[in-house]
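# Observations on the model geometry
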Amino acid sequence: EGRPLIMTDIAASYIQLSSGAVLTVFALIQLVYRNKTAINYILAGIFASVGFTVIYLWLFRTGLVGNLRFLIYQDITVTFIIGPLVYFYLRSIIGISAPPRRTVLLNFIPAVVSLAAVTAVNACEPSISVHYIASREYAPDYSLNRFIWWADKFSNGCMFFYLVLS
């Protein structure tokens, strides 16, 4: 099925998985500091989000993502997380005090809604995971579901908005 794996594909796959694992370890390191500040928690979130995304794309590269139906399209959820984290990180390092905790948490409501909605789509449409089991795609195909397509566009727009705000 498809083209045969060559040595560079195998090496790239291991490098990708290792990079995701290292980013996840960096996230954990931020959480074990004794005198943690908000910046440590924010960096942990950023490292974990990017680490998840790298491992998620590795799952596509290896063809395993179709067997992990609940993970398909969860990169949209992570995109909703990265934007506010980068925004609050940049504000923190230049010395702008954080808004009240409730205000900060409001910025992550789209991620919570996305998590629930994407999980529901994956649960209700098994044809999506069947598609990824049958094909060897290296990235998610958002066009398989109209809601997912729009959610992807909205999450990217939100992340762009936060980056501009930063």
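One numbering rule holds for all chains: residues counted from 1, following each sequence as written. Selection of residues for local features in this predicted model requires a pLDDT of at least 70, selection of side-chain atom pairs for listing and counting requires 80 or more, and totals for whole chains, interfaces and linings are taken over all residues. Excluded from the side-chain calculations are hydrogens and water; all other atoms, namely the structure's heavy atoms, are used.

## A look at the packing of aromatic side chains
To keep it simple, the criterion reads: Between 30 and 60 degrees the pair is tilted, below 30 it is stacked and above 60 it is edge-to-face, where a pair is any two Phe, Tyr or Trp rings, Trp via its six-membered ring, whose centres lie within 6.5 Å. Buried, partly exposed and exposed residues are distinguished by accessible area as a fraction of the type maximum, computed with a 1.4 Å probe on protein chains only: under 20%, between the cut-offs, and over 50%, respectively.
Taken as a whole, this structure holds 11 aromatic pairs when the rule is applied. Ring centres of Tyr87 and Phe88 lie 5.2 Å apart, and the angle between their planes is 65°; on these two criteria the pair is classed as edge-to-face. With relative accessibility at 7%, the residue Phe88 sits in the buried group. With a centroid separation of 5.8 Å and 75° between ring planes, the pair formed by Phe161 and Tyr162 is classed as edge-to-face. Among the residues examined, Phe161 registers a relative accessible area of 48% and is labelled partly exposed. What makes Tyr162 buried here is its relative accessible area of 11%. Put simply, the rings of Phe52, Tyr56, Phe60, Tyr73, Tyr132 and Tyr142 pair up and form one aromatic cluster.

## Section: the side chain of Ser155
Defined as follows: For the purposes of this entry, the term helix denotes a DSSP run of H or I that reaches at least four residues, the term strand denotes a run of E that reaches at least two, and both are numbered from the N terminus. Contacts described as polar in this section are N or O atom pairs within 3.5 Å, which, within protein, must combine one atom able to donate a hydrogen with one able to accept it, while residues neighboring in sequence count only if both atoms come from side chains. Contacts are assigned to residue pairs with any non-hydrogen atoms lying within 4.5 Å of each other.
Along the chain, Ser155 falls in helix H7 (residues 146–165). Taking the relative accessible area as the measure of exposure, Ser155 reaches 0% and is therefore buried. Within the local environment of Ser155, its side chain forms a polar contact with the backbone oxygen of Asp152, the two atoms lying 2.9 Å apart. With residues near it in sequence (within four places) discarded, Ser155 still touches Ile76, Thr79 and Phe80.

## Describing the pattern of salt bridges
Pairs can form between side chains of opposite charge whenever their charged atoms are close. Here is the rule: Just to be clear on terms, a salt bridge is a Lys or Arg side-chain nitrogen sitting within 4 Å of an Asp or Glu carboxyl oxygen.
Evaluated as defined, the whole model comprises 1 salt bridge. Here Lys153 and Asp152 are joined by a salt bridge, their closest N and O atoms 3.4 Å apart. According to the relative accessible area criterion, Asp152 is buried, its value standing at 6%.

## Notes on the environment of Arg91
Secondary-structure assignment places Arg91 in helix H3 (residues 75–93). When its relative accessible area of 22% is taken as the criterion, Arg91 is described as partly exposed. Measuring from C-alpha to C-alpha, the distance between Arg91 and Ile148 comes to 31 Å, with 57 residues separating the pair along the chain. Every residue in contact with Arg91, bar those within four places of it in the chain, is listed here: Ile96 and Ser97.

## Details of the environment of Val118
With respect to the helices and strands, the residue Val118 is situated in helix H5 (residues 109–124). Val118 sits 41 residues away from Thr77 along the chain, and the two C-alpha atoms are 8.0 Å apart. Once residues lying within four places of it in the same chain are set aside, the contact partners of Val118 are Ile72, Tyr73, Gln74 and Ile148.

## Re unusual backbone geometry
Despite not being glycine, Tyr73 has its phi angle at roughly 70°, a positive value. Relative to the assigned elements, Tyr73 resides in the loop between helix H2 (38–62) and H3.

## Observations regarding a nonpolar patch on the surface
The condition that has to hold: Patches were defined on residues exceeding 30% relative accessible area and lacking a salt bridge, with like-charge contacts within 9 Å and nonpolar side-chain contacts (Val, Leu, Ile, Met, Phe, Trp, Tyr) within 5 Å. Here the open area of atoms and residues is found with the Shrake-Rupley method and a 1.4 Å probe, where only the protein chains shown may cover a residue.
There is a patch of nonpolar side chains on the surface, built from Val22, Val25, Phe26, Ile29, Val32 and Tyr33 and spanning about 520 Å² of accessible area. Tracing the chain through its elements places Ile29 in helix H1 (residues 7–32). Given a relative accessible area of 35%, Ile29 falls into the partly exposed group.

## Notes on the nonpolar core
The criterion, for reference: The set of buried Ala, Val, Leu, Ile, Met, Phe, Trp, Tyr and Cys residues whose side-chain atoms join them within 4.5 Å is what this entry labels a nonpolar core.
With 19 residues, the main nonpolar core has Val65, Ile72, Tyr73, Ile76, Ile128, Tyr132 and Ile148 as its most contacted residues. Among the secondary structure elements, those contributing two or more residues to this core are H2, H3, H5, helix H6 (126–134) and H7. The greatest single-element share of this core, amounting to 4 residues, is contributed by H2. When sequence neighbours within four positions are dropped, the list of residues in contact with Tyr132 reads Phe60, Val65, Gly66, Ile72, Tyr73, Glu137, Ala139, Pro140, Asp141 and Leu144.

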